[in-house]
Amino acid sequence: MAALGWLTPRRRSATARSVLAGEASAEAARKSAEVSEAPEVSGKEPEFPVPGDEKAAAFFDLDNTVMQGAALFHFGRGLYKRKFFETRDLARFAWQQAWFRLAGVEDPEHMQDARDSALSIVKGHRVAELRSIGEEIYDEYMAERIWPGTRALAQAHLDAGQRVWLVTAAPVEIATVIARRLGLTGALGTVAESVDGVYTGKLVGEPLHGPAKAEAVRALAAAEGLDLSRCAAYSDSHNDIPMLSLVGHPYAINPDSKLRRHAREKDWRLRDYRTGRKAAKVGIPAAAGVGAVAGGTAAAIAMHRRRR
């Protein structure tokens, strides 16, 4: 895939692969769009979003921001149910998904392992097949995990006439399904290489994570004529500080400790929709929690298996 020419000047922290991943994700997001709880508050806020501002848009991280848990793991669970891989892969990695759900924090190494395994699993399958399966998996495992508070924030932007995009390291195909089901404009996600509609087992660039997310948002904003100073971004993870720093209205949603600290230092807005629900959903004692999650969602972690 050729690099796109409309990318604006970049931050030095972005690598060439981050830029390529961001450009590929932005291009895929634009194509797919054409086809198709009391919060914690920090500081005083003006009326926002501004109705009718066509130069503004909103960018939402997915995992633990819009949806509880990791989309890639839920996708893996659905693939396991459809016999894309074997039971023997489950036990070794069940604890990682349990840890993610209990801690609510991304582990880059775990997520990288999951993505590598996902690529080996889908290699040779048709893109259309995975899109169809993604629709089913959303209904089975994801729909009930959407945070109502974050969903309301996204709807506020839509009601103001603004475009709303998911920005996630999950595959762009499943991210697009989620965006469409939520009534959003589209999704920026990790782009897997395909030839004649069949996955090759390689990525275009790198996973859409950290600086690559910022590059994707920057590229999409340039292509769509958006003013980033009038845009908003939402995330739970300190890994997304590059993306949050791009926009004029950054929000920390269900933030991890590093992001919470950074948001307070920068006087960014805070929202925490886990309050009052965390004990019931993710704050159960560790021993019981690992057992429950391993029993209920262990299949998702099978995507962490190593390539042979």
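Data block above holds the structure.
Definitions and limits used
- Along each chain, residues carry numbers from 1 onward, in the same order as the chain's sequence is written.
- Reporting of local features is limited, given that this is a predicted model, to residues whose pLDDT is at least 70; pairs of side-chain atoms are given and counted only at 80 or more, and all residues count toward the totals for whole chains, interfaces and linings.
- Water and hydrogen atoms play no part in the side-chain values, which are based on all heavy atoms of the structure.
- Each helix corresponds to a stretch of at least 4 residues labelled H or I by DSSP, and each strand to a stretch of at least 2 residues labelled E; elements are numbered beginning at the N terminus.
- Exposed residues in this analysis have more than 50% of their type's maximum accessible area, buried residues have under 20%, and partly exposed residues fall in between, with area computed by a 1.4 Å probe over protein chains only.
- Calculation of accessible area relied on Shrake-Rupley with a 1.4 Å probe; when residues are assessed, cover is drawn exclusively from the protein chains displayed.
- Nitrogen and oxygen atoms within 3.5 Å of one another constitute a polar contact, given that in protein one can donate a hydrogen and the other can accept it, and given that sequence-neighbouring residues count only through two side-chain atoms.
- Axis angles are defined between N-to-C directions and span 0 to 180 degrees, where every axis is a line fitted to C-alpha atoms and, for a helix, only to the segment in contact.
- Orientation is classified from the angle alone, with under 35 degrees giving roughly parallel, over 145 giving roughly antiparallel, 65 to 115 giving roughly perpendicular, and any other angle giving oblique.
- It is the rotation of the near helix from the far one that decides the hand of a crossing: anticlockwise by less than a right angle makes it left-handed, clockwise makes it right-handed.
- Pairs of residues are marked as contacts when any of their non-hydrogen atoms sit within 4.5 Å.
- As used here, the term nonpolar core means buried Ala, Val, Leu, Ile, Met, Phe, Trp, Tyr and Cys residues forming a set that is joined through side-chain atoms within 4.5 Å.
- Strand pairing is defined by DSSP finding a minimum of two bridges between the two strands.

Chemist: Quick rundown of the overall build of the protein chain? Include the residues and the values.
Modeler: Helix and strand counts for the protein chain come out as 12 helices and 8 strands. Taken across its 308 residues, the protein chain has 56% of its residues classed as buried. When the accessible surface of the protein chain is summed, it comes to about 13300 Å², and 52% of that surface belongs to carbon and sulfur atoms.

Chemist: Which residues make up the side chain of N64, and what are the values?
Modeler: Examined against the element boundaries, N64 turns out to sit in the loop between β1 (57–61) and α2 (71–81). Polar contacts involving the side chain of N64 include one to the main-chain amide nitrogen of G69, which spans 3.0 Å.

Chemist: So what's going on with the packing of helix α5 (residues 127–142) against helix α7 (residues 172–181)? Residues and values would help.
Modeler: One can describe the packing of α5 onto α7 by two numbers: an axis separation of 9 Å at closest approach and a directional angle of 50 degrees. With respect to each other, α5 and α7 are oriented oblique. As for how α5 packs across α7, the hand of that crossing is right-handed. Each of V127, R131, G134, E135, Y138, D139 and M142 in α5 lies in contact with α7, whose residues at this interface are E173, I174, V177, I178, R180 and R181.

Chemist: Describe the nonpolar core, listing the residues and the values that go with them.
Modeler: In globular proteins that are soluble, nonpolar side chains generally tend to be buried together. Core analysis: the biggest nonpolar cluster contains 43 residues, and F60, L79, M142, L166, I178 and Y234 have the highest contact counts within it. With 7 residues, the single largest contributor to this core is α5. When sequence neighbours within four positions are dropped, the list of residues in contact with I178 reads L62, A71, Y138, M142 and L166. Residues V167, L220, A233 and A263 belong to the second largest nonpolar core, which totals 29 residues.

Chemist: Would you mind going over the sheet that holds strand β2 (residues 163–171) in detail, with residue names and values included?
Modeler: Spatially, 6 strands are ordered β3-β2-β1-β6-β7-β8 in an open sheet, and the strand pairing comes out parallel. A single partner strand is all that each edge strand has here, and the edge strands are β3 (186–190) and β8 (269–271). Taking each pair of neighbouring strands and ignoring which way they run, the sheet shows an average axis angle of 20 degrees. Bridge count for β1 against β2 is 5 bridges, and the pairing is parallel. Paired with F60 across the two strands is L166, which belongs to β2. Its contacts with the sheet place helix α6 (residues 148–159) against β1, β2, β6 (232–235), β7 (249–253) and β8, and it is angled at close to 160 degrees to β1. Packed onto the sheet, α7 meets β2 and β3 and runs at close to 145 degrees relative to β2.

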